[in-house]
Amino acid sequence: MLYHNLSVNDHGHLAIAGMDACELAATYGTPLYVLDEDLVRSKCRTYVQAMRACLPEGSMPLFASKALCFRGIYPVIEEEGMGADVVSAGEIATALSAGFPAERICFHGSNKTDDEIAYGIASGVGCFVVDNLDELRSLSREAQARNVVQRVLLRVTVGLDPHTLAAINTGKVDSQFGVPIETGQALRFVRQALSTPGVEVMGFHSHIGSQIFEATSFCDQVDRLLDFAVAVRDDLGFVANVFNLGGGFAVPYVDGDPNVDIAANIQAIAQHLANGCAQHGYPMPRILMEPGRSIVADAGTTLYTAGRIKTIEGYRSYVMVDGGMTDNPRYALYKSAYTVLNASRMNEPADFACTIAGRCCESGDRIAEDICIARPERGDVLAVLTTGAYNYSMSSNYNRVMRPALVMLHDGEARLAVRRQSIDDLLALEL
Ligand SMILES: *Cc1c(COP(=O)(O)O)cnc(C)c1O
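Residues numbered from 1 in each chain as written. Predicted model: local features only at pLDDT ≥ 70, side-chain atom pairs only at ≥ 80, totals over all residues. Heavy atoms only, no water.

Some points on helix α2 (residues 37-54)
For α2, built from 18 residues, the straight-helix expectation of 26 Å at 1.5 Å per residue is met to within 8% by its first-to-last C-alpha distance of 26 Å. Every buried residue of α2 is listed here: Glu-37, Leu-39, Val-40, Arg-41, Lys-43, Cys-44, Tyr-47, Val-48, Ala-50 and Met-51. The N-cap residue of α2 is Asp-36: its side-chain oxygen and the backbone nitrogen of Asp-38 are 3.1 Å apart. (Helix = DSSP H or I, 4+ residues; strand = E, 2+ residues; numbered from the N terminus. Expected span 1.5 Å × (residues − 1). Buried < 20%, exposed > 50% of the residue type's maximum accessible area, 1.4 Å probe, protein only. Polar contact = N/O pair within 3.5 Å; in protein donor to acceptor, adjacent residues only side chain to side chain.)

Quick word on the sheet that holds strand β2 (residues 14-16)
The strands that make up a sheet pair up through hydrogen bonds in the backbone, lying either parallel or antiparallel. The three strands are arranged β1-β2-β3 in an open sheet whose pairing can be described as antiparallel. Only two strands of the sheet have a single neighbouring strand rather than two, namely β1 (6-8) and β3 (19-20). By the bridge criterion, three bridges tie β1 to β2 in an arrangement that is antiparallel. Considered in β2, the bridge of Val-8 is made with Leu-14. (Pairing = 2+ DSSP bridges.)

As for the nonpolar core
The biggest cluster of nonpolar side chains holds 101 residues, and the ones touching the most others in it are Ile-73, Phe-204, Phe-243 and Ile-356. Sorting elements by how many residues they give to this core places helix α8 (residues 215-236) first, with eight residues. Of the domains in this structure, domain 1 (6-36 + 298-427) and domain 2 (108-291) are the two that each give at least three residues to this core. Leaving out residues up to four positions away in the same chain, Ile-356 has contacts with Val-319, Val-321, Val-340, Arg-366, Ile-367, Ala-368, Ile-371, Ile-373 and Leu-382. Residues Leu-24, Ala-383, Val-407 and Leu-409 belong to the second largest nonpolar core, which totals 22 residues. (Core = buried A, V, L, I, M, F, W, Y, C linked by side-chain atoms within 4.5 Å. Domains from an automatic or database assignment. Contact = heavy atoms within 4.5 Å.)

Digging into the pattern of salt bridges
For the coordinates displayed, the defined rule picks out 22 salt bridges. For Arg-400, the salt bridge is made with Glu-430, and the minimal N-O distance between the two is 2.5 Å. Taken together, the residues span a long stretch of sequence, with Arg-400 in the loop between β19 (381-385) and β20 (405-410) and Glu-430 in the segment after α12 (423-427) at a distance of 30 residues. The partly exposed category is assigned to Arg-400, whose relative accessible area is 41%. (Salt bridge = Lys/Arg side-chain N within 4 Å of Asp/Glu carboxyl O.)

Focus on the packing of helix α4 (residues 89-97) against helix α5 (residues 114-123)
In the contact formed by α4 and α5, the axes pass within 10 Å of each other and the chain directions differ by 25°. Compared by their axis directions, α4 and α5 come out roughly parallel. At the point where α4 passes α5, the crossing takes the left-handed sense. Every residue of α5 that contacts α4 at Ala-89, Ile-92, Ala-93 and Leu-96 is listed here: Glu-116, Tyr-119, Gly-120 and Ser-123. (Axes fitted to C-alpha atoms, helices over the stretch in contact; angles between N-to-C directions. Parallel < 35°, antiparallel > 145°, perpendicular 65-115°, else oblique. Left-handed = near helix turned anticlockwise from the far one by under 90°.)

Re the pairing of strand β14 (residues 300-312)
Pairing between strand β4 (residues 32-36) and β14: four bridges, direction antiparallel. Residue Leu-35 lies in a different strand from β14, and its bridge partner there is Gly-300. Sheet topology places β14 next to β19; five bridges connect them, and they run antiparallel. Residue Leu-303 lies in a different strand from β19, and its bridge partner there is Ala-383. Inspection of the sheet shows β14 paired to strand β15 (residues 316-321) by five bridges, in the antiparallel sense.

Some points on unusual backbone geometry
Of the consecutive residues Thr-30 and Pro-31, the connecting peptide bond is found in the cis state with omega at -10°. Inspection of the secondary structure puts Pro-31 in the loop between α1 (21-28) and β4. In this structure, Asp-370 takes a positive phi of about 50° despite not being glycine. Residue position: Asp-370 is located in strand β18 (residues 366-373). Even without glycine at this site, Arg-400 takes up a positive phi of about 55°.

Quick notes on the confidence of the model for the protein
Summing up the model confidence of the protein, the mean pLDDT is 96 and the portion of residues at 70 or higher is 98%. Contacts of residues 165-170 to residues separated by more than four positions or lying in other chains number eleven contacts, the stretch itself having pLDDT below 50. (pLDDT = per-residue confidence, 0-100.)

Brief notes about the site of the ligand
Surrounding the ligand, one finds 15 residues, the nearest of these being Lys-66, Ser-210, Glu-290, Arg-293 and Tyr-390. One of the side-chain nitrogen or oxygen atoms of Ser-210 is found 2.3 Å away from an oxygen atom of the ligand. Contacts to the ligand include Gly-248, whose backbone N or O atom sits 2.9 Å from an oxygen atom. Protein chains shield 92% of the accessible area of the ligand, which is 380 Å² for the free molecule. (Near = heavy atom within 4 Å. Areas by Shrake-Rupley, 256 points an atom, 1.4 Å probe, with all protein chains shown as cover.)

Some words on the packing of aromatic side chains
The description of an aromatic ring pair rests on the distance of the ring centres and on the angle between the ring planes. Here the structure, examined in full by the defined rule, presents ten aromatic pairs. For the ring pair Phe-70 and Tyr-392, a centre distance of 6.3 Å and an interplane angle of 85° mean the geometry is edge-to-face. Of the two residues, Phe-70 sits in the loop between β5 (60-64) and α3 (73-79) while Tyr-392 sits in the loop between β19 and β20, which places them 322 residues apart along the sequence. Ring centres 5.6 Å apart and planes at 90° place the aromatic pair Tyr-253 and Tyr-338 in the edge-to-face group. With Tyr-253 in the loop between β12 (242-244) and α9 (262-280) and Tyr-338 in the loop between α11 (330-334) and β16 (340-342), this residue pair connects regions lying 85 residues apart in the sequence. The ring of Phe-107 has Lys-112 sitting right over it, with the charged end atom 5.4 Å from the ring centre. (Phe/Tyr/Trp six-rings, centres within 6.5 Å; stacked < 30°, edge-to-face > 60°. Lys NZ or Arg CZ within 6 Å of the ring centre and 35° of its normal.)

Re helix α7 (residues 185-194)
Considered for burial, the residues of α7 that qualify are Ala-186, Phe-189, Val-190 and Ala-193. Buried residues in α7, looked at end-on, bunch into an arc of 95°, giving them a common side. At its buried positions, α7 is contacted by β8 (127-130), α6 (133-145), β9 (150-157), β10 (179-180), β11 (199-205) and α8. (Arc of directions from axis to C-beta.)

This is the structure in structure tokens:
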């Protein structure tokens, strides 16, 4: 099986962290998001321990809230010693309402409104990642109005696209996020920030992408960020205390995808940075990372009930499920591959070729195309693996389909963390 927390029990059913998927489906209904909290915790620990072991004190992973934002996740990441990165007032409010410490929150976003900036400052978030000059001005105004000095990181783009040849690709210079180094704008951004009242520049932030398998991409990023920091020091005399390297570690979605060794990667990045710093006589900065997907993706499984099964003669068979793009838009958005199992028939051969379609009036509503699962009957429980990241957080009410419930598994017990949306919830906003 793709992950070690999955097994087959005596009923021939899929078990997630030892719990029968069909029983979970019967108890809580489908579609259902299932999150193995213990696996999330072990991922957090891997990051925290690896970073503590080889990076300066104060280095820390921040959970990228956008991957999976609901109240129940925050006590888990807090207890495991992580911070949180957020991109909106909504994410800040969710974290704070769960008791998450504001000083461990890092506030991102390329288009924060003035209201959000004010809310972030008033909430006492530890750090703003300032995306652009215009935001810097707004932040300065709001901070001064409240008589605070807000700590900030400045977001720069290093001109690296890890999904193409790393060599001379400048694709990512052209981005709506951050300020490019290559055009000289980033240096001017820093110069301006250093003389802006109400802000204290701690260092730099850069994020090169997502679902990245190779440590070399991160090492290239570190090289470019360090070169930039050295240029800033030489020109402006400013030495950064913090580098935030963003997120992006990949997870396997289907058999054959490589498994990224998180600890080994962190070690390689740390070693690379230490060498570079020694070479340039630059003091080793504290490192922040922002893993999202690699913390929660593989801990999540979505359970559906198989509905109508339709064979178009000479073409293919469709198995339709009671959810789809409303709870998992990633196939519709990016044609993302997923592993699908017939959780009700784990001991039967997976020899039924089919396409898993959702329930929306949209021909792109698919979960997986041309895969093989054990031949289902209507009522079987289908499990889609690796749905912990960018599923619940990207879900919608398209077709007025209601959002699923989310249960967390911990120490052999299931706990409802998000209840299923109701018709009353759907109508609540409408006058
Ligand atoms: C999306 C994002 C992350 C998280 O990326 P993952 O691939 O989920 O680890 C972290 N930082 C920033 C700035 C992002 O945009």
